[in-house]
Amino acid sequence: DRYKQPLAYHSLTVGLLARAIDLAGSAASRRAREALRIGTRSLWAFQAPDGDLAYFGRSQSQSWALALAEYAAESAVPRSCRRGARAYRAVAERALRRLGARHPIGPTGMAIVPSANGPATIPAIDDYASQVVYNGLTLTALGWAAEAERGGCGAGNLLADRGGGAAVLPFESAGFATIRRGRVWMAAKRASQEGDGRSAFGIRALKRRAPGGRWIDLVPEAPTAAGHPRGSFGPALLLRGGGLAKPRGKRIEVRRGRIVIHGGWVHRGRWVRRDVAFRFAPTARGARIVVPARKGDRIVYSALTDGRPEQVRRGVAAPVASTRASRRAQVRIRGPYASSGSLDVWRSDLTVRANGRRVSFVVSAR
């Protein structure tokens, strides 16, 4: 899906490539096998430490993406412990572990997404998705994985396990970057796509490791498009005429322990301000978003929370995390909405008037 490029489709692609190689056997070309290794290496680079690897775009957090990634990674493992064998095994092991933990099997089959199973799943998935078909796809991939030849190597680490580990994924229209600092891991996306919040600009995953070792989502998965206001979560620029200019990045990089997106704001397809560097920096308990601004600018940032938030000084606080602005903020709370991770996602629009050269927003674990 060249324009939309949802992450789940990367798993789908490498999984089907692995199957083609298995069926071709010795007739499979070196180029095909190298493409499988490159695709699996990409999974290793963007997979979250809790095994999540479909945290934005259509088919967000769906079970079959994990199963296909596990199969592709096992197929990429060489028979001897060399050329990334332990890294590929880490991808497979982490994906399988997440599948077992977050996609339980109930009376209607395996949960397509972690938030629900059976009829309750409907508002949390794409309208074309089907419990029967997607259970079948997941089981098919797991069957292929069970039959795959396995080398003797144990699992190594993901990039996300490393302190300071970071990557820039130069997907054509869905470029994004990941970074790990201490107990916090984050992924931020360069640009929004087609008005679907699951493919929006900015933080698409923010996870913190709790003292017991469990990873907690400080920013829940974005709601599905059905029933949710379309558009960006910001930081947007409120124009004098009342229009909302949305952020767009032209280039993304990791520099000095933060993700930097170079771009500006766009309104109705036209740039209203360029040469803006949005900064997303992991903190000890979450992340800080820094937005360059001019005096008098009104910046709107939408905080997503799992559970209904309460308004607090300069922002909102929910059971899992809070979001606060650097200055007094006007707050509008809307919800609940359904997402792949929760059926109780709320959106809080924080509007701040800049009094200097920048505005910041801090997401922090409670």
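Values in this document were obtained by computation on a predicted structure and should not be read as measured data.

Re the overall build of the protein chain
Helix and strand counts for the protein chain come out as five helices and 19 strands. Computed over its C-alpha atoms, the radius of gyration of the protein chain comes to 20 Å, within 12% of the 21 Å expected for a compact globule of 366 residues. If you line up the protein chain on its principal axes, its C-alpha atoms span 65 × 45 × 40 Å. Scored against the burial criterion, the 366 residues of the protein chain give a buried share of 58%. The contacts of the protein chain with a sequence gap of at least 6 include a subset with a gap of at least 24, amounting to 62%. Accessible surface, the protein chain as shown: approximately 16,200 Å² in total, 48% of it carbon and sulfur. Of the charged side chains in the protein chain, 63 are positive and 25 negative; the average position of the first set lies 10 Å away from that of the second.

Points about the environment of Asn135
For Asn135, the location among the structural elements is in helix H5 (residues 131-147). Once the C-alpha coordinates of Asn135 and Ile112 are considered, the two residues, 23 residues apart in sequence, prove to be 7.1 Å apart. Those residues within four positions of Asn135 in sequence are excluded, and the remaining contacts are Thr108, Gly109, Met110 and Ile112.

Topic: empty space enclosed by the protein
A probe matching the size of a water molecule, rolled over the atoms, marks out where space remains unfilled. Summed over the entire model, instances satisfying the criterion amount to five cavities of 30 Å³ or more. For the largest cavity, the lining is made up of 17 residues, of which Ile203, Val219, Tyr301, Ser302 and Leu304 are closest to its centre. In terms of residue count, the dominant contributor to the lining of the largest cavity is strand E13 (residues 298-306) (five residues). Its residues assigned to classes, the lining of the largest cavity shows ten nonpolar, six polar and one charged.

A word on the sheet that holds strand E12 (residues 286-292)
Strands sit in the order E14-E15-E16-E19-E12-E11-E10-E9-E8-E13-E18-E17 across an open sheet of twelve strands; the sheet is antiparallel. Each of the sheet's edge strands pairs with one partner strand only, and the pair in question is strand E14 (310-312) and strand E17 (329-337). Sheet twist, expressed as the average angle between the axes of neighbouring strands with direction ignored, equals 25 degrees. Relative to strand E15 (residues 315-317), E14 runs antiparallel, the two being bridged by three bridges. Across the sheet, the residue bridging to Gln311 is Val316, located in E15.

Observations regarding the pattern of salt bridges
For the structure on display, the rule yields 16 salt bridges. Residue Arg334 is joined to Asp349 by a salt bridge in which the shortest nitrogen-to-oxygen separation is 2.6 Å. Placement of the pair is Arg334 in strand E17 and Asp349 in strand E18 (residues 345-353), with a sequence separation of 15 residues. Each member of the pair Arg334 and Asp349 is classed as buried. Here the salt bridges share partners, and the residues they tie into one network are Asp50, Asp52, Arg98, Lys207 and Asp217.

Let's talk about unusual backbone geometry
Each neighbour pair has its own omega, and for Gly234 with Pro235 the value is 5 degrees, a cis peptide bond. Going from Gly335 to Pro336, the amide bond is cis rather than trans, its omega being 0 degrees. At Ser61, a residue that is not glycine, the phi angle is positive and equals roughly 60 degrees. Relative to the helices and strands, Ser61 resides in the loop between helix H2 (30-46) and helix H3 (63-76).

A word on a positive patch on the surface
The grouping of Arg181, Arg256, Arg258, Arg288, Arg357 and Arg358 at the surface amounts to a positive patch. Mapped onto the fold, Arg288 is located in strand E12. The class for Arg288 is partly exposed, based on a relative accessible area of 37%.

Notes on the environment of Ala67
Among the structural elements, Ala67 can be located in helix H3. Taking the C-alpha atoms as reference points, Ala67 and Gly15, separated by 52 residues in sequence, lie 8.6 Å from one another. With sequence-adjacent residues up to four places away left out, Ala67 is seen in contact with Leu99, Thr138, Ala141 and Leu142.

How each quantity is defined
Here the residue numbers are simple positions, counted from 1 along each chain's written sequence. The predicted nature of this model means local features are confined to residues of pLDDT at least 70 and side-chain atom pairs, given and counted, to a pLDDT of 80 or more, with totals for whole chains, interfaces and linings taken over all residues. Excluding hydrogens and water, the side-chain figures rest on all heavy atoms present in the structure. The secondary structure listing takes helices from DSSP runs of H or I that are at least 4 residues long and strands from runs of E that are at least 2 residues long, numbered from the N terminus. The atom set for the radius of gyration is the C-alpha atoms, and the globule formula is 2.2 Å times the number of residues raised to the power 0.38. Burial status follows relative accessibility: with a 1.4 Å probe on protein chains alone, a residue under 20% of its type maximum counts as buried, one over 50% as exposed, and anything between as partly exposed. Here a residue-residue contact requires only that any non-hydrogen atoms of the pair lie within 4.5 Å. Method for areas: the Shrake-Rupley scheme with a 1.4 Å probe, in which residue coverage is limited to the protein chains shown. In this tally, Lys and Arg are treated as positive and Asp and Glu as negative; His is ignored, and so are the chain termini. Lys charges are placed at NZ, Arg charges at CZ, Asp charges at CG and Glu charges at CD. Grid points spaced at 1 Å and placed over the protein atoms alone form the basis of the search, with a cavity being a set where a 1.4 Å probe fits but cannot get out and a pocket an open set showing protein on both sides within 12 Å along at least five of seven lines. Lining residues have an atom within 4 Å of a point. Grid points are joined across faces, edges and corners, and a volume is the space filled by probe spheres set on the points. Amino acids are sorted into nonpolar (Ala, Val, Leu, Ile, Met, Phe, Trp, Tyr, Cys and Pro), charged (Asp, Glu, Lys and Arg) and polar (every other residue, Gly among them). Strands are treated as partners if at least two bridges between them are detected by DSSP. Axes here refer to lines fitted to C-alpha atoms; in helices the fit is confined to the stretch in contact. Angles between the N-to-C directions go from 0 to 180 degrees. Basic side-chain nitrogens of Lys or Arg form a salt bridge, by our definition, when they fall within 4 Å of a carboxyl oxygen of Asp or Glu. Exposure above 30% relative accessible area and the absence of a salt bridge qualify a residue for a patch, where like charges join within 9 Å and nonpolar side chains (Val, Leu, Ile, Met, Phe, Trp, Tyr) within 5 Å.

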